[in-house]
Amino acid sequence: MKRVIVVGAGASGMMAAITAAKNGAAVTVVDAMDRAGKKILLTGNGRCNLTHVDERPEESCFGAERVWIREVMRHLMPEDVRRFFLELGLPTFEKNGYVYPVTGQSSSVTAVLTSEMRRLKIKLKLSEKILALEKDGTIWKVRTDSWCYEGDAVILACGSKAAPRTGSDGSGYELAKMAGHRIRAVQPALTPVLCEGDFFQAVAGVRCRATVSLYRVTKKEPRKGPGRESEKESGRKPEEKRLIRRESGELLWTGYGVSGILVFQLSRFISTSSSPEKELILEADLLPDLSEEDLAGILRMKAKALGQEKLPALLAGFLNEKLIPVILKRAGMTKKNSCEEMAGDRELLGRLVWSIKHFRLIPRGTKSFDTCQVCAGGVDTAQVDCRTLESGLQSGLYFAGEILDVDGLCGGYNLQWAWASGYTAGRAAAQSGSAKIS
Ligand SMILES: Cc1cc2nc3c(=O)[nH]c(=O)nc-3n(C[C@H](O)[C@H](O)[C@H](O)COP(=O)(O)OP(=O)(O)OC[C@H]3O[C@@H](n4cnc5c(N)ncnc54)[C@H](O)[C@@H]3O)c2cc1C
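Residues numbered from 1 in each chain as written. Predicted model: local features only at pLDDT ≥ 70, side-chain atom pairs only at ≥ 80, totals over all residues. Heavy atoms only, no water.

K.L.:
Explain the pairing of strand β6 (residues 98-101) to me, please; I cannot follow it from the model alone.
P.N.:
Regular strands have side chains that alternate between both faces of the sheet. Two strands pair when backbone bridges link them, and strand β3 (residues 51-52) and β6 are joined in this way by two bridges, in the antiparallel orientation. Counterpart to threonine 51 in the pairing with β6 is valine 99. Relative to β6, strand β5 (residues 92-95) runs antiparallel, the two being bridged by four bridges. Directly across from lysine 95, in β6, lies its bridge partner tyrosine 98. The loop that links β5 with its antiparallel partner β6 comprises two residues; one of these, asparagine 96, has a positive phi angle of about 50 degrees. (Pairing = 2+ DSSP bridges. Helix = DSSP H or I, 4+ residues; strand = E, 2+ residues; numbered from the N terminus.)

And the structure:
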């Protein structure tokens, strides 16, 4: 009987342990925390968005090559995940593609997983932190400060650096390094974004519908030649913008920048940039359901009707009142300007429309590991076999979950990755383990 040691009792570790045990292995799971699945309890605001119905989940994941992620995902697709939990006595339901347990409680997910581990006689060792691992012949030795576990195979399912209070403190990367593995730079993902600007305190707490685009900008030297005098005179360098990603939904303004699911989805592209404040910009369309032409037409008509009233009255039905002075300032106006002035001035109207439809934010980085949901980066997948998740450097060593360089969008993609990779590693570790070691 193969002896499999799983380091980490998170989503991927518990799935790996259950799968290895079902495939005939004697399994021991070791975790630094005092209970299994602490991070699962936080997921989906306590409701656990455990997968997504998407048939191509790899397309919402980043880091490793798509084909590499696909090869792992196909072992346990979202419908298999739902069937797996149903068989454990946990039916699920779907809302807008997101899948949740019918109980609406993430604690139900940890409850069914831990009871399945007990049924399969998996040993669960809690409050034991693994500090080192080494190979002695064909045996893997996994050490705490006072004990050494031995196995034919070891699965590192230690998570990332995201939400370290759940036990995921980055120590898994050190264990992977001890086995000679390369770690790709680890950065926060699915997290709020910090922005330049002195108006954020005034708008903190405001929520609005928006479409936000993240661009990479390249400043160019002012062009010479006829008609280019203004570029040279103003000293402002023209820029080239390349769209990285666009997201729509509810934008949350905070005292330091922006947040909300749409910002989370963009955050990994900001945290992985070496100089976000120089290279990247965010552009928010604060009225995404109106075209620029329609907005200009309505504003002109309304401005004429309002006559001597001041500009805030013109915008009152379009924008949250806290955003109005910020928009007016961006457009070079004040709340003392009258609607009449605006109605007769195409340039002023154009500036106002532009400020609403192209509100520019300069990102300075993201919130830290304490706040993020997952990490971009991790164990370089070029050194890991996607068919088995076995190390390409050390036989009998496997990886599962977030420790690998794979991160997904919000919507259940990260847990989908944890289940699929845990299943892949658990099955392979039980079936081959050290038998492959020559
Ligand atoms: C607030 C929040 C909300 C989220 N919501 C969702 C959601 O709704 N849907 C979704 O798909 N994803 C969500 N995620 C992401 C998802 O929870 C993770 O991607 C997933 O849980 C990762 O599983 P894992 O098994 O790889 O790692 P983890 O769950 O982090 O588990 C790693 C385990 O390893 C243990 N460990 C680490 N190092 C050692 C060591 N040296 N020795 C012993 N034990 C060790 C840790 O104690 C931990 O228990 C959310 C994350 C957060 C923080």
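K.L.:
Where do I start with the sheet that holds strand β17 (residues 280-285) in this structure?
P.N.:
Backbone hydrogen bonds are what pair the strands of a sheet, in a parallel or an antiparallel way. If you walk across this open sheet you meet the seven strands as β18-β17-β14-β15-β16-β13-β19, and the pairing is antiparallel. Strands with a single pairing partner mark the edges of an open sheet, and in this sheet they are β18 (359-361) and β19 (363-366). The mean angle between the axes of side-by-side strands here comes to 35 degrees, regardless of whether they run parallel or antiparallel. As defined by bridge partners, strand β15 (residues 239-253) adjoins strand β16 (residues 257-259) across two bridges and the pair is classed as antiparallel. Across the sheet, the residue bridging to tryptophan 253 is valine 258, located in β16. (Axes fitted to C-alpha atoms, helices over the stretch in contact; angles between N-to-C directions.)

K.L.:
When you look at the domain arrangement of the protein chain in this model, what are you seeing that I'm missing?
P.N.:
Think of interface size as the accessible area that goes away when the parts come together; that is how it is often given. Per the domain assignment, the segments of the protein chain are domain 1 (3-187 + 373-436) and domain 2 (193-366). Domain 1 and domain 2 are separated by 42 Å when their C-alpha centres are compared. Contacts between the two partners involve eight residues from domain 1, matched on the other side by eight residues from domain 2. Both faces considered, domain 1 and domain 2 share a buried interface measuring about 730 Å² in area, 63% of it formed by carbon and sulfur atoms. Taken as a group, Phe62, Leu409 and Cys410 account for 55% of the area that domain 1 buries against domain 2, more than any other trio of residues on that side. (Domains from an automatic or database assignment. Contact = heavy atoms within 4.5 Å. Buried area = accessible area lost by both parts, 1.4 Å probe.)

K.L.:
Mind showing me how you'd approach the sheet that holds strand β21 (residues 397-399) here?
P.N.:
Across the sheet, five strands lie side by side as β7-β2-β1-β11-β21; this open sheet has parallel pairing. Either end of the sheet is taken by a strand with one partner, and the two such strands are β7 (123-125) and β21. Strand after strand, the sheet turns through a mean of 20 degrees between neighbouring axes, direction not considered. When strand β1 (residues 3-7) meets strand β11 (residues 153-156), the two strands line up parallel, connected through four bridges. When the sheet's bridge partners are listed, valine 7 is paired in β11 with leucine 156. Strands in contact with helix α1 (residues 11-22) are β1, β2 (26-30) and β11; relative to β2, the strand with the most contacts, it is inclined by about 165 degrees.

K.L.:
What am I meant to see in the nonpolar core here?
P.N.:
Grouped burial of nonpolar side chains is what soluble globular proteins tend to show. Grouped together as the largest cluster of nonpolar side chains are 131 residues, with contacts concentrated most on Trp68, Phe85, Leu251, Trp253, Leu286, Leu352 and Trp419. A domain split of this core shows at least three residues from each of domain 1 (3-187 + 373-436) and domain 2 (193-366). One finds Ala189, Leu190, Phe264 and Cys410 within the second-largest nonpolar core, a separate group that totals five residues. (Core = buried A, V, L, I, M, F, W, Y, C linked by side-chain atoms within 4.5 Å. Buried < 20%, exposed > 50% of the residue type's maximum accessible area, 1.4 Å probe, protein only.)

K.L.:
What should I look at first to understand the pattern of salt bridges in this one?
P.N.:
Pairing between side chains of opposite charge can happen when their charged atoms approach one another. Enumeration according to the criterion identifies 28 salt bridges in this entry. Between glutamate 134 and arginine 143 there is a salt bridge, and its shortest N-O distance comes to 2.9 Å. For glutamate 134, a relative accessible area of 33% translates into the label partly exposed. Under the relative-accessibility criterion, arginine 143 is labelled partly exposed at 31%. Across the salt bridge formed by arginine 360 and glutamate 239, the nearest N and O atoms sit 2.6 Å from each other. Of the two residues, arginine 360 is situated in strand β18 and glutamate 239 in strand β15; the sequence distance between them amounts to 121 residues. Residue arginine 360 is classed as partly exposed on the basis of its relative accessible area of 26%. The partly exposed category is assigned to glutamate 239, whose relative accessible area is 28%. The network of salt bridges with shared partners includes Arg56, Glu58, Glu59 and Arg70. (Salt bridge = Lys/Arg side-chain N within 4 Å of Asp/Glu carboxyl O.)

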